[in-house]
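What the coordinates show
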Amino acid sequence: MRKYWTIILMAFCLFSSSVFAKRAWVTGEGRFYAKDNDSLGFIKNQLLSQAFRNIFTKEFKSLGLDTEFFWKRYEEKFEEYFSPIHERLKKKYGVEAPGVSNKRVTEYQEALRAKRLRLKAKFGNLNRAILSYSIKKMTRSQQVPNSRYLMVSAKVNKKLLNSIYQKFTTEMGKRNYDKLIITTDFGLKDMSWLDVGVDVESDFVSVIEEHWVKYLKENLGAIVEQVIVANDDKRKELRERLKVPVETMKELQKVATDEEGPKGIKKLGSLWLHVNVNFEKVGENRLGKKRKFVMDGDFVLVDLEANKIVEHTDFVPVQSELSTADGHKLSSTLASLVYRTPLDLFKRFPNKISSFGFSHQRAVIQVHGAKSVRELYDFIDFLTIKGVTKRITPVLKSFNTDMAQITLHFNADTTDLAVWMKTLNSLPIGKDARHIVSKQENPFNISFQ
């Protein structure tokens, strides 16, 4: 099975850009009105937060992003996050109780201010987009001593800033997929199912799959409509599905008339989660009624419409020595181990699936005149930054001395994308400041000059 999925990975994994052009320093300013009892560390954190916010605003504007919309969404999400914390502070200080003292109200207001400012400075972990920074100036007003000022120069990870922008401006409430289909394969080495404590495989596997279904329903409810376990017929269909070219599949989807499409897997928006689990018996103490196992495996999550892998991870091998005195307890312990192993990895699914689910359209750009692969990757970075609002993910498809092809995965109308491509004409890219020249009748056919 591992070889099988290696082949799939080679077929569907796409290479992304790895190098950004040299990043310039950006200057930001922060201002904060401190109170007498604010510590220097607290003041400095608030000033840095404001200065970084100023830098992010400049970078958003340089990328052509809607700055006001981002900060509006940021404030809304912070208030949603802070609301229950605010309520707990009210209860703690009893400010809504009859006859509460003015001193108690003042203590509450000070605690509320400090809590809000401290959490606001960290909310969303925006500062992770700052690669490095240096403080250029930190002053306090002569006329108003509590008025503080900070000037910072920083380098920004624009790719990560794009990701942050998407996270805060994307509506997560909409369902991106109709269903997630689960299949599981177990491999046994030097052992049988009797060594696991069960008579047949289904007695062991079905319980694990039922619990995974419950877990994924709870954690993917806003993104996936259904989570189901595939039966034998569906497993065969899924494997056959991977052999069908993407373009052919899209044509089939256009003529599907029933709710789910032929055989239930042709409707847009289906995911396939396949889990491989391998058990090996590496030792046994019959006298002491102990048996030693090593478990490893992997999983792959496939978008069935795009024929692309959303996520793939190998499990870290786990060795366990268990009692064989009670077969039921043995099988339960091993089943619990299998169930728990991928859960931390499954927690990443909401972000992975949501961001992936937006880029279901595809287009191919033909690029002429590229001097090197590095120049093409500079262009890919350029497209990623400029196309963030359209969820554009460019991937280098092929390259030779005459022409390169770049596949664009995007979330926009194809006509809108063509109009957008025309706006890139004559813009500089990369270190050498070469310019894009596109054919107006076909903006997807471009040259570097």
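Residues numbered from 1 in each chain as written. Predicted model: local features only at pLDDT ≥ 70, side-chain atom pairs only at ≥ 80, totals over all residues. Heavy atoms only, no water.

Observations regarding the overall build of the protein chain
Operational definition: Secondary structure elements follow DSSP: runs of H or I of four or more residues count as helices, runs of E of two or more count as strands, with numbering from the N terminus. To sort residues, take the accessible area from a 1.4 Å probe on protein chains only and compare it with the maximum for the residue type: under 20% means buried, over 50% means exposed, and anything in between is partly exposed. When checking whether two residues touch, look at their non-hydrogen atoms; a contact exists if any pair is within 4.5 Å. All accessible-area figures derive from a Shrake-Rupley calculation using a 1.4 Å probe, and residue coverage is judged against the displayed protein chains alone.
Counting its regular elements, the protein chain contains 14 helices and 15 strands. When the 449 residues of the protein chain are sorted by exposure, 46% land in the buried category. Counting only contacts in the protein chain whose residues sit at least 6 apart along the sequence, the fraction spanning at least 24 positions is 71%. Surface exposure of the protein chain reaches about 23900 Å², of which carbon and sulfur atoms provide 50%.

Some remarks on the sheet that holds strand β2 (residues 130-140)
Applicable threshold: Think of it this way: DSSP has to see at least two bridges between two strands before they count as a pair. Fitting a line to C-alpha atoms yields each axis, with helices limited to the stretch in contact; the angle taken between N-to-C directions then spans 0 to 180 degrees.
Ordered by their spatial adjacency, three strands build an open sheet running β1-β3-β2, and the pairing between neighbours is antiparallel. Two strands close off the open sheet at either side, each with one partner strand: β1 (26-33) and β2. Looking at each pair of strands side by side, their axes are set apart by 25 degrees on average, direction ignored. Of the pairings in the sheet, the one linking β2 to strand β3 (residues 147-156) comprises nine bridges and is antiparallel in character. Within β3, the residue paired with Tyr 133 across the bridge is Ala 154. Packed onto the sheet, helix α2 (residues 40-62) meets β1, β2 and β3 and runs at close to 135 degrees relative to β1.

Focus: helix α13 (residues 373-386)
Counted only if it meets this: An expected span of 1.5 Å times one less than the residue number is assigned to each helix. Whenever a nitrogen or oxygen atom comes within 3.5 Å of another N or O atom, the pair is scored as a polar contact, on the condition that within protein one atom can donate a hydrogen and the other can accept it, and that pairs from neighbouring residues in sequence are kept only if both atoms are in side chains.
Compared with an ideal rise of 1.5 Å per residue, which puts 14 residues at 20 Å, α13 spans 20 Å between its outermost C-alpha atoms and is within 8% of the ideal. Listing the buried residues of α13 in full gives Glu 375, Leu 376, Tyr 377, Asp 378, Phe 379, Ile 380, Asp 381, Phe 382, Leu 383, Thr 384 and Ile 385. Its side-chain oxygen placed 3.2 Å from the backbone nitrogen of Glu 375, Ser 372 serves as the N-cap of α13.

Regarding helix α5 (residues 158-169)
Here α5 contains 12 residues, and its C-alpha end-to-end distance of 16 Å stays within 8% of the 16 Å for a straight helix at 1.5 Å per residue. Where α5 is buried, its residues touch α2, α3 (67-93), β3 and α13. The N-terminus of α5 is capped by Asn 157, whose side-chain oxygen sits 3.2 Å from the backbone nitrogen of Lys 159.

Describing a nonpolar patch on the surface
For clarity, the threshold we go by: Here the term patch refers to residues with relative accessible area over 30% and no salt bridge, with like charges joined within 9 Å and nonpolar side chains (Val, Leu, Ile, Met, Phe, Trp, Tyr) within 5 Å. When a carboxyl oxygen of Asp or Glu lies within 4 Å of a side-chain nitrogen of Lys or Arg, that pair is called a salt bridge.
On the surface, Leu 40, Tyr 133, Ile 135 and Met 138 cluster together into a nonpolar patch covering about 370 Å² of accessible area. Top contributing element to the nonpolar patch by residue count: β2, with three residues. Relative to the helices and strands, Ile 135 is located in strand β2. With relative accessibility at 34%, the residue Ile 135 sits in the partly exposed group.

Thoughts on the pairing of strand β7 (residues 290-303)
Of all 14 residues that make up β7, 11 are buried, and the element is covered over most of its length. A loop of four residues connects strand β6 (residues 270-285) with β7, the two strands running antiparallel in sequence, and Lys 289 in this loop sits at a positive phi of about 55 degrees. One ladder, built from six bridges, connects β7 with strand β9 (residues 318-323); its direction is antiparallel. When the sheet's bridge partners are listed, Phe 293 is paired in β9 with Ser 320. When β7 meets strand β8 (residues 308-314), the two strands line up antiparallel, connected through six bridges. For Asp 303, the partnering residue across the bridge sits in β8 and is Lys 308.

As for the packing of aromatic side chains
Put simply, the rule reads: What counts as a ring pair is set by centres within 6.5 Å for rings of Phe, Tyr and Trp (its six-membered ring), and what kind of pair is set by the plane angle: stacked under 30 degrees, edge-to-face over 60, tilted for all other angles. Ring-over charges, as used throughout, are those where CZ of Arg or NZ of Lys falls within 6 Å of the ring centre and within 35 degrees of the ring normal.
For the structure on display, the rule yields 31 aromatic pairs. Consider the rings of Phe 52 and Tyr 133, whose centres lie 5.3 Å apart with planes at 75 degrees: the pair is edge-to-face. With Phe 52 in helix α2 and Tyr 133 in strand β2, this residue pair connects regions lying 81 residues apart in the sequence. On the basis of relative accessible area, Phe 52 is assigned to the buried category, the value being 4%. For the pair Phe 186 and Trp 193, a centre-to-centre distance of 5.7 Å together with 65 degrees between the ring planes defines the contact as edge-to-face. By the burial criterion, Phe 186 is buried, and Trp 193 matches it. Looking at Lys 120, its charged tip hangs above the ring of Phe 78, at a distance of 5.1 Å from the centre.

Focus on the confidence of the model for the protein chain
For the record, the criterion: pLDDT measures the predictor's confidence residue by residue and takes values from 0 up to 100.
Taken residue by residue, the protein chain gives an average pLDDT of 81. The fraction at 70 or more is 82%. Every residue in residues 2-22 scores below 50 in pLDDT, and together they form 44 contacts with partners more than four places removed in sequence or on other chains. Segment residues 244-268 is flagged for pLDDT under 50; beyond a separation of four residues in sequence, or across chains, it makes 35 contacts in the model.

Thoughts on the environment of Ile 392
In this fold, Ile 392 is placed in the loop between α13 and β11 (393-399). Taking the C-alpha atoms as reference points, Ile 392 and Leu 417, 25 residues apart in sequence, are found 9.6 Å from one another. The residues contacting Ile 392, other than those within four sequence positions of it, are Leu 383, Thr 384, Gly 387, Leu 408, His 409, Phe 410, Leu 417 and Trp 420.

What about the packing of α2 against α3?
The condition is simple: Comment on the angle field: the value is read as roughly parallel under 35 degrees, roughly antiparallel over 145, roughly perpendicular from 65 to 115, and oblique elsewhere. Classification convention: Asp, Glu, Lys, Arg as charged; Ala, Val, Leu, Ile, Met, Phe, Trp, Tyr, Cys, Pro as nonpolar; all other residues, Gly among them, as polar.
In contact at an axis separation of 9 Å, α2 and α3 are set at 135 degrees when each is read in the N-to-C sense. The angle between α2 and α3 falls in the class oblique. Here α2 contributes Arg 53, Phe 56, Thr 57, Phe 60 and Lys 61 to the contact with α3, which in turn contributes Thr 67, Phe 70, Trp 71, Tyr 74 and Glu 75. Per-class residue counts for the contact of α2 with α3 are five nonpolar, two polar and three charged.

A look at unusual backbone geometry
As a rule of thumb, non-glycine residues mostly have phi less than zero, and peptide bonds are mostly trans rather than cis. One non-glycine residue, Asn 125, adopts positive backbone phi at about 50 degrees. Within the element layout of this structure, Asn 125 appears in the loop between α4 (102-122) and β2. The phi angle at Lys 289 is positive, at roughly 55 degrees, despite the residue not being glycine. Position of Lys 289 relative to the elements: it lies in the loop between β6 and β7.

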